[in-house]
Amino acid sequence: MEKMAEQELAATTRHRAEVNEQKEVVIEALGSLEPIHRQFANHYAERYGRLTVKERQLAGVQQIQEMKVMKERTKGDRLEENMKEARDLEDRESADNAIYELIEMTLAAPASSKLQSS
């Protein structure tokens, strides 16, 4: 889940960068002294407005995705910690069982040697 959230965030970041590049191109066209660009100044201004709105929307989406990435990362860290704790408990139980078996074998050994000597 964390990787999917990171990929979504990366895609949004790339898209936002593309929109910013388009905004720069439109600004250059607006500031151009070329007669052809002056004819389309109104169109460029409208385009710049749409790109600005889109960039704001993407900024909001990016912020939500960043929070999602952090949430998923936190979940993953918590799961990893729980897994390590569970593994430690299993190892401890296994070691305890080995000690109990050794004690049982030790206690059973003198009883069987007494039976053999009788």
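Everything discussed here concerns the structure shown above.
Okay, so let's go over this structure. Counting restarts for each chain: residues are numbered from 1 in the order of the written sequence. Given that this is a predicted model, residues contribute local features only at a pLDDT of at least 70 and side-chain atom pairs are listed and counted only at 80 or more, while totals for whole chains, interfaces and linings are drawn from all residues. Heavy atoms throughout the structure, all of them, feed into the side-chain values; hydrogens and water do not.

1. Here we look at helix α1 (residues 2-31)
- Per the convention used, a helix needs a DSSP run of H or I reaching at least four residues, while a strand needs a run of E reaching at least two, with both numbered from the N terminus. Expected helix span is computed as 1.5 Å times (number of residues minus one). Its 30 residues place the ends of α1 43 Å apart at the C-alpha level, agreeing with the 44 Å of an ideal helix rising 1.5 Å per residue.
- Regarding α1, the residues found buried are A5, L9, T12, V19, K23, V26 and A29. Each residue is placed in one exposure class: buried if its accessible area under a 1.4 Å probe, protein chains only, is under 20% of its type's maximum, exposed if it is over 50%, and partly exposed if it falls in between.

2. Side note on the side chain of E55
- The topology assignment puts E55 in helix α3 (residues 41-117).
- Whether two residues touch is decided by their heavy atoms; if any such pair falls within 4.5 Å, the residues are in contact. Those residues in contact with E55, other than ones at most four positions away along the chain, are R16, V19, N20 and K23.

3. Some thoughts on the environment of Q22
- One can find Q22 in helix α1.
- Residues Q22 and H43, 21 residues apart in the sequence, show an inter-C-alpha distance of 14 Å.
- Setting aside chain neighbours within four positions, we find Q22 in contact with R47 and L51.

4. Details of a nonpolar patch on the surface
- To count toward a patch, a residue needs a relative accessible area above 30% and no salt bridge. Like charges then connect within 9 Å, nonpolar side chains (Val, Leu, Ile, Met, Phe, Trp, Tyr) within 5 Å. Computed by Shrake-Rupley with a 1.4 Å probe, the accessible areas treat only the displayed protein chains as cover when residues are assessed. When a carboxyl oxygen of Asp or Glu lies within 4 Å of a side-chain nitrogen of Lys or Arg, that pair is called a salt bridge. A cluster of nonpolar side chains, I99, Y100, I103 and L107, forms an exposed patch at the surface whose accessible area comes to about 430 Å².
- In this fold, I99 is placed in helix α3.
- Given the relative accessible area of 47%, I99 is considered partly exposed.

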